[in-house]
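# Structural characterization, general
This is what each chain is made of:
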Amino acid sequence: MHKETLVKAIAMAIKMGHVLIATADSTGVPHISVLQPLGLDSVGRLKLIGWFCQYTAANLEMNPRVSVVVWDPLEDTGYQLIGAMEEMKEVAMLDGYAARIEKAHPMPQVERVIHLRIDKVLGF
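Counting restarts for each chain, with residues numbered from 1 along the sequence as it is written. Local features in this predicted model are restricted to residues whose pLDDT is 70 or higher, and side-chain atom pairs enter the listing and the counts only when it is 80 or higher, whereas totals over whole chains, interfaces and linings include all residues. Excluded from the side-chain calculation are hydrogens and water; included are all heavy atoms of the structure.

There is a patch of nonpolar side chains on the surface, built from Leu20, Ile32 and Val34 and spanning about 270 Å² of accessible area. Going along the chain from the N terminus, every DSSP run of H or I of four or more residues is numbered as a helix, and every run of E of two or more is numbered as a strand. Tracing the chain through its elements places leucine 20 in strand S1 (residues 19–24). A relative accessible area of 37% places leucine 20 in the partly exposed class. Nonpolar side chains (Val, Leu, Ile, Met, Phe, Trp, Tyr) are joined into patches within 5 Å and like charges within 9 Å, using only residues with over 30% relative accessible area and no salt bridge. Each accessible area value is a Shrake-Rupley result obtained with a 1.4 Å probe; residue values ignore everything except the protein chains displayed when judging cover. Salt bridges, as used here, are contacts in which a Lys or Arg side-chain nitrogen is within 4 Å of a carboxyl oxygen on Asp or Glu. Accessibility here uses a 1.4 Å probe with only protein chains present; expressed as a share of the type maximum, an area under 20% marks a residue as buried, one over 50% as exposed, and anything in between as partly exposed.

Bringing the nonpolar core into the picture now. In these notes, a set of buried Ala, Val, Leu, Ile, Met, Phe, Trp, Tyr and Cys residues joined through side-chain atoms within 4.5 Å is what counts as a nonpolar core. Judged by nonpolar contacts, the single largest core of 23 residues is most densely connected at Ile21, Leu48, Val68, Leu81, Ile114 and Leu116. At the level of elements, helix H1 (3–16), S1, strand S3 (46–50), helix H2 (54–62), strand S4 (65–72), strand S5 (77–94) and strand S6 (109–123) are the ones that each hand at least two residues to this core. Looking at this core, the element that brings in the most residues is H1, giving five residues. Any two residues whose heavy atoms approach within 4.5 Å are treated as being in contact. Ignoring anything within four residues of it in the chain, the contact list for leucine 48 reads Val19, Ile21, Leu35, Gln36, Pro37, Leu38, Val68, Arg112, Val113, Ile114 and Leu116.

The next subject is the environment of leucine 46. As for its placement among the helices and strands, leucine 46 is situated in strand S3. Counting along the chain gives 39 residues from leucine 46 to methionine 85, while the straight-line C-alpha distance between them is 9.2 Å. In contact with leucine 46, other than residues within four places in its own chain, are Ile10, Gly39, Leu40, Leu81, Ile114, His115, Leu116 and Ile118.

With that out of the way, let us pick up H1. What a helix should span is 1.5 Å times the count of its residues minus one. Along its 14 residues, H1 runs 20 Å from first to last C-alpha, staying within 8% of the 20 Å computed at 1.5 Å per residue. Of all the residues in H1, the buried ones are Leu6, Ala9, Ile10, Met12 and Ala13. End-on view of H1: buried residues confined to an arc of 160°, all on one side of the axis. Facing away from the buried side of H1 by over 90 degrees, the exposed positions are Glu4 and Lys15. Phi for glycine 17, located one or two positions after H1, is positive at around 90°. By definition, the arc is the one covered by directions from the helix axis to the C-beta atoms.

Shown next, in the form of structure tokens:
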């Protein structure tokens with residue numbers, strides 16, 4: 001993988017403001033989420049943040065392999081980043097305590113940051 005191509009892909013992701021991330025459970029059932037790119041962390045991993053659902057979190061804990069799509073629909077160009085999650089942190093939680101502000105959810109909503117090692121960058 002060329003570092004220059006990864007840097008271009010991440011710059012496009014930041015410009016677009018979101019990426020699609022595909023995860024799969026232990027049986028291979030896929031799940032798609034939308035996350036916000038934050039750039040590269042201090043060790044060169046892709047850093048993403050979002051209020052993604054429990055399925056994405058569970059999938060990442062069982063199967064860390066991911067595919068991330070960066071796509072500019074106006075230019076019809078983009079990248080597919082293939083790699084694995086190496087770290088996941090909870091950074092905020094909405095638990096229904098502030099009922100006038102928060103929507104009611106059966107489970108607490110959790111904002112997480114994930115750090116992904118990118119092994120391959122493909123044109124999309």
